[in-house]
Amino acid sequence: MDIGFSEQDLQFQEEIRAGLNGAEYPAHVKEKQEKGTALTKQDLIDFHKFLYSKGWMGYNWPEEYGGTGWSPVQIYLFLNELAAAQCPTILPFGLNMVGPVIYTFGTQEQKDRFLPDILEFNTWWCQGYSEPGSGSDLASLKTKAVLEGDHYIVNGSKTWTTLAQNADWIFCLVRTETTQKKQEGISFLLIDMNSPGIEVKPIITIDGDHEVNSVFFTDVKVPADQLIGEEGKGWTYAKFLLAHERFGIAGVPVVKVQIDKLKKLTADYNDADLNKKIAELEIDLEALEFTELRTLAAIAEGGHPGAESSILKIRGTEIQQRLTELYVEAAGQYILPYEGPEGFDSNRTPSGPEYASPSVAQYLNYRKTSIYGGSNEIQKNIIAKAILGV
Amino acid sequence: MDIGFSEQDLQFQEEIRAGLNGAEYPAHVKEKQEKGTALTKQDLIDFHKFLYSKGWMGYNWPEEYGGTGWSPVQIYLFLNELAAAQCPTILPFGLNMVGPVIYTFGTQEQKDRFLPDILEFNTWWCQGYSEPGSGSDLASLKTKAVLEGDHYIVNGSKTWTTLAQNADWIFCLVRTETTQKKQEGISFLLIDMNSPGIEVKPIITIDGDHEVNSVFFTDVKVPADQLIGEEGKGWTYAKFLLAHERFGIAGVPVVKVQIDKLKKLTADYNDADLNKKIAELEIDLEALEFTELRTLAAIAEGGHPGAESSILKIRGTEIQQRLTELYVEAAGQYILPYEGPEGFDSNRTPSGPEYASPSVAQYLNYRKTSIYGGSNEIQKNIIAKAILGV
Amino acid sequence: MNLNYSDEQNMLREQVLKFCETNYDFIDREKILETEAGYSQDNWKQFAELGWLAVPFKEENGGFNFGPIELTVLFEEFGKALVVEPYLSSVVMSGTILENSNHSNKSSIIEKIIAGEHQISVAYAEPNIGYNFFDCLTSLSTGGDKLLLNGTKSLVLNGGNADQFIVLANQDGSSVLILVDFDVDGLSVQSFKTIDGQTCAELSFENVSIDSESILASGDEAEAIFNKMINVSILCISAEAVGAMNASYMKTVQYTKEREQFSQPISNFQVLQHRMVDMFIETELTKSLLIKATLQLDSNDPEAGNTISALKVQVGKAGRLVGQHAVQLHGGMGVSNEMSIGHYLKRFTAIDSMFGNTQHHINKYQAK
Amino acid sequence: MNLNYSDEQNMLREQVLKFCETNYDFIDREKILETEAGYSQDNWKQFAELGWLAVPFKEENGGFNFGPIELTVLFEEFGKALVVEPYLSSVVMSGTILENSNHSNKSSIIEKIIAGEHQISVAYAEPNIGYNFFDCLTSLSTGGDKLLLNGTKSLVLNGGNADQFIVLANQDGSSVLILVDFDVDGLSVQSFKTIDGQTCAELSFENVSIDSESILASGDEAEAIFNKMINVSILCISAEAVGAMNASYMKTVQYTKEREQFSQPISNFQVLQHRMVDMFIETELTKSLLIKATLQLDSNDPEAGNTISALKVQVGKAGRLVGQHAVQLHGGMGVSNEMSIGHYLKRFTAIDSMFGNTQHHINKYQAK
């Protein structure tokens, strides 16, 4: 065991840092990052295309599929540098979710067709898992796909679909068969969002933002070769994906940067109570960060993310939520004026700390983190099974 | 609504205070209280007999059975004065547990036979509920009572029996019949601890003290007229008793005094962190105290202690446990030397704060409070039923 | 000691409850939020007609001479329905200061408030002083033979709708409370929506000319009156929080009994049951401290200030717990703006932030 | 970066595990606790024969030249079995100071320690200075042509069995570390059992004559060595805590699967399941910080001190949570002295109190 970074690792870190500060980095994105302005769809596309241009997009993919094949330490350093440069979060839907499913369970044709576009960010993916009737209990889903000739006909609806309004493709869990056991009869289908019969309706969340959507499917025709793996095996792929999704969901590098920011923002007040709460959060974050490194190392040794990834999801989202609470506490009464997703009109901005309004929006928005991706209660059920062996 | 105490109430308070400071108060008990020395069995008897001599013993009993018939406010004031004078806790087994069962469900003969001795503290009672196999699940108890002529023959064992080593009588839940439904077939029996066939074995708890015991019954003959109410109805009486027991279990007056004591003990250090934790505990205690008053008031209006008494049990024991943690925190490393139930040899006492060693013993001992009297998890199940209406 | 509400108090509660059931379901409220004023003038008129606006005022000023108990009854019910009408700012806050001041004209102003024709907001907060309201930079100074008011006041509740303001300012190092018309020269008002669907304004005073009759109180008297106002205000929003907690856990219980997952209502899951029990317990404990503080304020108990701090701490913690659990147990629906449940969380967050947050009042209580 | 234990380290773990399985079940331990010394001299002899006492020492002093990693391996396994032998005091604490000192005789003393023939305890705590060990009142002063040691040292681990003491004292406002024989004139030793079944002593020095060769280090050097000793000691008891947490949750899982209530194993109850999940999570998180701190100490990383504080905080909180939950889920059996489970809680409580408790290290970490 040793904790040191090798000469190569440090050089790697330098390269990433230089790249993020280099001329190729999209200037309009950087400007907005620094100002804290919201990014547009195109900004995000430009950012991801920049990553691709540097060869970094497949940071957690095997080389075989165009990935970097980086070591856990390199992945760790890469994500830390992105966060330190206040880069946008890499969108997980293509890269961390459907991508690994396709390269693990897809046909050669599917790999050739979809993986390059994911890496190049030519396609924006979204996730069609939850339904109005099935949140934590995914297996109870009702969206139906019926095979007619060489097409499936899909009817039903999905909900809480993040950024569906921007998406080109959606990966869906659909029911292809009704069986006794709810987990059976579920299939994993890739659907073009431009297909006739798809309708996207916004859901406004309590922070006032439009991030999630309902997606309705009415007689949507989906070519049968867009089925992943076998019919009825969708549950297996879904569980594989969920375990991968949990990974990185801890958001450690971003939280680290945000804690430093909070410390700077409140440095003048020197509030002992707040400072101690921040210290306790930092300690928890250190523990989580090293737990993530241990998990990464285990995976690099050929392990598979299991119950450990549930720890990352649970504790990661708890820490994220606590951090938003500390921002709100620091901002005090100045959280009151409501900014809205567009930000205040520059001629009409309330006084008080500038971070106040975004803080409360973030606090409200982040309540979702303990609900999505399998609620934290479900994660605890998963761990309970694993440690109790029942 | 109004919060003020009436002239009579204030006069009543004065009377209690004067009584506790009066000449009749057993001097040897007072001396030990002030020194913090452990009280003997005889000390406790003397204290209770003093209460009886003042006419205060039946503080929460109806006048009809020799009680004081005091109002909730008077009871509140009485218990506060006892705590402020650092009196021993009134033993609940006779007064708060079996007493109300006897006067509510007993025969006239049983009332005449047992109640006066409880009030006068001529009999020390203990509680025979838990068994090795049935803790939270009381209804699964196995101790058997078989009617033979005018006697029951009792076989089985009870455990966690507090102060059984001092007791003259034990009230027991016993199985008189085996039925499908576990709650049926249970009866409520009063047993003389001097009966042949009873054996008491100490259980030492993690603080090193001998407070609880196992009680074994081998062919113990119990006169049939010591059965309370009807055979098979024991479960009803047990639930009635548990609801009464929870009441007062919050221990508010004692905690209040102990918080003040902790503040005084640590005043010199002026530890801001500790002081804030104490303040938060005091706030929670204020809320609990007024909740208890509300419950007392509701009972005085003819209500029956139900799910509310579970709040008192849960929150009361949580507060008690947190207080012990604060004492341990305040004492720091000086908790290390182990005093034992007898206290340090006066010639061999470690330096460091005197309260250190008792603090850690109390901390360890008080882990029991969230377990006994129906564990806090069981209390939450009870409330869940009540509020969910299922 | 007597812990029972009087018949009159119970009737008042019934009346408010019925009003909210009839006029204040979630859809009604949504429509109100979309209006420019941010509250319903019709409702306000009804509040006046029902006599609610007269509740805390003395009889000599045309009020009902009711006290803290009746206010908490009103606010508990307001809290359940998330009422956004500016009762706190226009009746409680400004009313408390006016009644305790020596302003020659106060009776006639109060009469107009009671009639629902006049609204006054208190301007106490500023951008850089946090919860230390008396450290304000807004100052009243002598310019020639005139008194001039300069400075910025922020977070003025319902300020965009106010006809007058009561401004806390600093005059030569001592506090003053000044009554200012909304349309005086040199005052500009900018109104914002708040996170919980209400409104607040920022006021900027530039050499606003003040005549000495507009000074409601000054020095120690001003601070005493102001503190009294803060205490009553905390009591009212705490009562509102208790109502909102009640509604939150009741709605959550209802939802979990209806929502099925894994082929059963999710209320079957013990972890969720105990979570709801915690919500219930915190609600009850908060209600207890609310009653204690109410009765102490009612009887002018010198301990009332400490209990108010204790209450604010409990409201902060319990509101957070109840609000967050309610959202969590509603799952995705909890974070949707179209369900009421997330709006309770927003209101709890706003309430915690006002008049000193949880940590502020822990420190205040500790230093008692 | 490499997070795998070496084969050698895994073998050491296996060896300790096997030893404890064979010689250290709960009954064995109970018997050891009842002895006068409070530990088993036989075990100590075996520790020496197995080479464990040589683990942290440099080769030049007859040691194995192992580092923090091997120490944590040992202590994790000790923690699982609640081993009471005085490895911390007699090997880690005194060994660290000796090795880093310039004492002329240190090699031969260390050889005797490694052979299991000699025990030294470090006397650092005092009755009135809390965790500020350098503020000690025990002083080394010049009396005529002699150096005289006066004062009281408390909580000296295993002090009743020590052949020598290393005493932290104050000499003209600067720190000194002094080696003192247990039987010198003017030193009295009083031994106590500790709450977790170990022993500690109180030392009283009355004009104890010290020759200058017994001074192991002084001034900044003494403080640097002392701090190093504290860091390694925290690391060792943290590893012990991780082992104890592991054992606590595994035993709890086992118990809940066997214990039936309401006609089913209590492991069926979701609330208890999630409680055990929390125990598991805290154990894993603590283990992570333990590894981080270990590797930083191993590589002399200047950040190591902060991570040690973070670790001590995590150990304090997690130990409390795991220990308390374990007792609660064992019900009455949890508070019985005849079950091991309550003894883990006692050890967690002792560990939290040593070398700075949770709050102390939060403050230290915050001030970093």
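Cut-offs applied
- Residues numbered from 1 in each chain as written.
- Chains lettered and ligands numbered in written order.
- Predicted model: local features only at pLDDT ≥ 70, side-chain atom pairs only at ≥ 80, totals over all residues.
- Heavy atoms only, no water.
- Contact = heavy atoms within 4.5 Å.
- Buried area = accessible area lost by both parts, 1.4 Å probe.
- Salt bridge = Lys/Arg side-chain N within 4 Å of Asp/Glu carboxyl O.
- Polar contact = N/O pair within 3.5 Å; in protein donor to acceptor, adjacent residues only side chain to side chain.
- Helix = DSSP H or I, 4+ residues; strand = E, 2+ residues; numbered from the N terminus.
- Nonpolar A, V, L, I, M, F, W, Y, C, P; charged D, E, K, R; others polar.
- Domains from an automatic or database assignment.
- Phe/Tyr/Trp six-rings, centres within 6.5 Å; stacked < 30°, edge-to-face > 60°.
- Buried < 20%, exposed > 50% of the residue type's maximum accessible area, 1.4 Å probe, protein only.
- Lys NZ or Arg CZ within 6 Å of the ring centre and 35° of its normal.
- Axes fitted to C-alpha atoms, helices over the stretch in contact; angles between N-to-C directions.
- Parallel < 35°, antiparallel > 145°, perpendicular 65-115°, else oblique.
- Left-handed = near helix turned anticlockwise from the far one by under 90°.
- Disulfide = S-S within 2.5 Å.
- Expected span 1.5 Å × (residues − 1).
- Bend = angle between axes of the 7 residues up to and from the residue.

A.B. asks: I would appreciate a short explanation of the interface of chain A and chain D in the present structure.
C.D. replies: The extent of an interface is frequently quoted as the accessible surface area lost upon association of the parts. Every contact between the two is made by 36 residues of chain A and, on the other side, 41 residues of chain D. Interface area, chain A with chain D, both sides summed: about 3700 Å², of which 65% is carbon and sulfur. Across the chain A-chain D interface, the total number found is six salt bridges. A salt bridge links A:K380 to D:D278, with the shortest nitrogen-to-oxygen separation between them at 2.7 Å. Put simply, chain A and chain D have 14 residue pairs in polar contact (both at pLDDT 80 or more) between them. Those elements that place two or more of their residues in the side of chain A that touches chain D are α9 (272-300), α10 (307-331) and α12 (376-388) of chain A. Considering every element that reaches the side of chain A that touches chain D, the biggest residue donor is α9(A), with 16 residues. Of the residues contributing to the side of chain A that touches chain D, the split by class is 18 nonpolar, five polar and 13 charged.

A.B. asks: It is not clear to me how the domain arrangement of chain C should be interpreted in this structure. Could you clarify?
C.D. replies: Residue and element names in this part refer to chain C. The domain boundaries assigned to chain C delineate domain 1 (7-114), domain 2 (120-219) and domain 3 (221-367). The centre of domain 2, based on its C-alpha atoms, is set 30 Å off from the matching centre of domain 3. Where domain 2 abuts domain 3, roughly 1500 Å² becomes buried across the two surfaces, and 69% of that area is made up of carbon and sulfur atoms. One can count one salt bridge joining domain 2 with domain 3. Residue R347 pairs with D196 through a salt bridge whose shortest N-O separation is 2.5 Å. Of all elements in the fold, only β5 (174-181) and β8 (215-218) reach the threshold of two or more residues within the side of domain 2 that touches domain 3.

A.B. asks: For this particular structure, what's the right way to read the interface of chain C and chain A?
C.D. replies: Contacts between the two partners involve 50 residues from chain C, matched on the other side by 43 residues from chain A. Summing both sides of the interface, chain C and chain A together bury roughly 3700 Å²; the carbon and sulfur share of this comes to 55%. Sorting the residues of chain C by area buried against chain A places C:I195, C:Q328 and C:V335 first, and these three jointly supply 16% of that buried surface. A:E325 serves as the salt-bridge partner of C:R320, at 2.7 Å between the closest nitrogen and oxygen. Listed by contribution, the elements that provide at least two residues to the side of chain C that touches chain A are β3 (146-157), β6 (187-193), β7 (199-210), β9 (260-261), α8 (270-298), α9 (304-330), α10 (341-353) and α11 (358-366) of chain C. If one sorts the elements of the side of chain C that touches chain A by residue count, α10(C) sits on top with six residues.

A.B. asks: In this structure, what is going on with the packing of aromatic side chains? I would like to understand it.
C.D. replies: Within a pair of aromatic rings, the relevant descriptors are the distance that separates the centres and the angle that separates the planes. Following the criterion strictly, the structure yields 82 aromatic pairs over all chains and no others. Ring centres of A:F114 and A:W169 lie 5.1 Å apart, and the angle between their planes is 80°; this geometry places the pair in the edge-to-face category. A residue pair is termed long-range when its members are at least 10 positions apart, and A:F114 in helix α6 (residues 108-120) and A:W169 in strand β4 (residues 169-175) qualify at 55 residues. We note that A:F114, like A:W169, is buried. Measuring from centroid to centroid gives 5.8 Å for A:F171 and A:F188, while their planes differ by 5°, and the two rings are stacked. One end of the pair, A:F171, is in strand β4; the other, A:F188, is in strand β5 (residues 186-192), with 17 residues separating them in the sequence. One exposure class covers both A:F171 and A:F188, and it is buried. Through a chain of ring-to-ring contacts, the aromatic side chains of A:F105, A:F114, A:W125, A:Y129, A:W169, A:F171, A:F188, A:Y237 and A:F240 assemble into a single cluster. Above the ring of C:Y5, the side-chain terminus of C:R13 is found at 5.0 Å from the ring centroid.

A.B. asks: Help me out: how do you make sense of the packing of helix α9 (residues 304-330) of chain D against helix α10 (residues 341-353) of chain D in this one?
C.D. replies: All names here are of chain D. Where α9 contacts α10, the axes come no closer than 9 Å and their chain directions differ by 160°. On the basis of their axis angle, the class for α9 and α10 is roughly antiparallel. Of the two possible hands of crossing, α9 and α10 adopt the one that is left-handed. Mapping the contact onto sequence places K312, V315, G316, G319, V322, G323, Q324, A326, V327 and H330 in α9 and I341, G342, L345, F348, I351 and D352 in α10. Classifying every residue of the contact of α9 with α10 by side-chain character gives eight nonpolar, six polar and two charged.

A.B. asks: Sorry, what's going on with the domain arrangement of chain A here?
C.D. replies: Residue and element names in this part refer to chain A. Under the domain assignment, chain A is made up of domain 1 (7-90), domain 2 (125-232) and domain 3 (246-388). For domain 1 versus domain 3, the separation of C-alpha centres amounts to 21 Å. Counting residues at the interface gives seven residues for domain 1, matched by 10 residues for domain 3. Roughly 750 Å² is buried in total at the junction of domain 1 and domain 3, and carbon and sulfur atoms are behind 74% of that figure. Three residues, P72, Y76 and A83, lead the burial of domain 1 against domain 3; their summed loss comes to 58% of the area buried on that side. Inspection of the region where domain 1 meets domain 3 yields zero salt bridges. Connecting domain 1 to domain 3 are two residue pairs in polar contact (both at pLDDT 80 or more). Looking at the side of domain 1 that touches domain 3 residue by residue, the class counts come to five nonpolar, two polar and no charged.

A.B. asks: I'm lost on the pattern of salt bridges in this one. Help?
C.D. replies: A side chain with one charge may pair with a side chain of the opposite charge, provided their charged atoms come close. For the coordinates displayed, the defined rule picks out 62 salt bridges over all chains. For A:E280, the salt bridge goes to D:K317, with nearest N and O atoms at 2.5 Å. A residue pair is termed interchain when its members come from two chains, as with A:E280 in helix α9 and D:K317 in helix α9. What makes A:E280 partly exposed here is its relative accessible area of 21%.

A.B. asks: What am I meant to see in the state of the cysteines here?
C.D. replies: In protein structure, a disulfide is the covalent linkage between the sulfur atoms of two cysteines. Residues and elements named next belong to chain C. Evaluated as defined, the whole model comprises zero disulfides over all chains. Note on C136: no disulfide assigned, nearest cysteine sulfur contributed by C200 at a separation of 18 Å. C236 carries a free sulfur, and the closest cysteine sulfur to it, the one in C20, is 15 Å from it. The exposure class assigned to C236 is buried, which follows from its relative accessible area of 0%.

A.B. asks: Please clarify how the environment of D:F57 should be interpreted in this entry.
C.D. replies: All names here are of chain D. Inspection of the secondary structure assignment puts F57 in the loop between α3 (41-49) and α4 (68-81). Measuring from C-alpha to C-alpha, the distance between F57 and F134 comes to 26 Å, with 77 residues separating the pair along the chain. Not counting residues up to four positions away in its chain, the partners in contact with F57 are G63, F64, N65, F66, V91, G95, E99, I110, I113 and I114.

A.B. asks: Would you take a moment to explain helix α5 (residues 87-100) of chain D for this structure?
C.D. replies: Residues three or four positions apart in an α-helix share a direction because the helix packs 3.6 residues into each turn. Residue and element names in this part refer to chain D. With 14 residues, α5 should reach 20 Å at 1.5 Å per residue; the first-to-last C-alpha distance of 18 Å fits that figure. The sharpest bend along α5 reaches about 30° and sits at S94. Among the 14 residues that make up α5, 13 are buried, leaving the element largely enclosed by the rest of the structure.

A.B. asks: I keep staring at the packing of helix α12 (residues 376-388) of chain B against α8(C) and nothing clicks. Help me out?
C.D. replies: Two numbers describe a pair of packed helices, the interaxial angle and the distance between the axes. One can describe the packing of α12(B) onto α8(C) by two numbers: an axis separation of 9 Å at closest approach and a directional angle of 80°. Compared by their axis directions, α12(B) and α8(C) come out roughly perpendicular. For the pair α12(B) and α8(C), contact is made by B:E377, B:K380, B:N381, B:I383, B:A384, B:I387 and B:L388 and by C:Q270, C:Q273, C:H274, C:M276, C:V277, C:D278, C:F280 and C:I281, respectively. Looking at the contact of α12(B) with α8(C) residue by residue, the class counts come to eight nonpolar, four polar and three charged.

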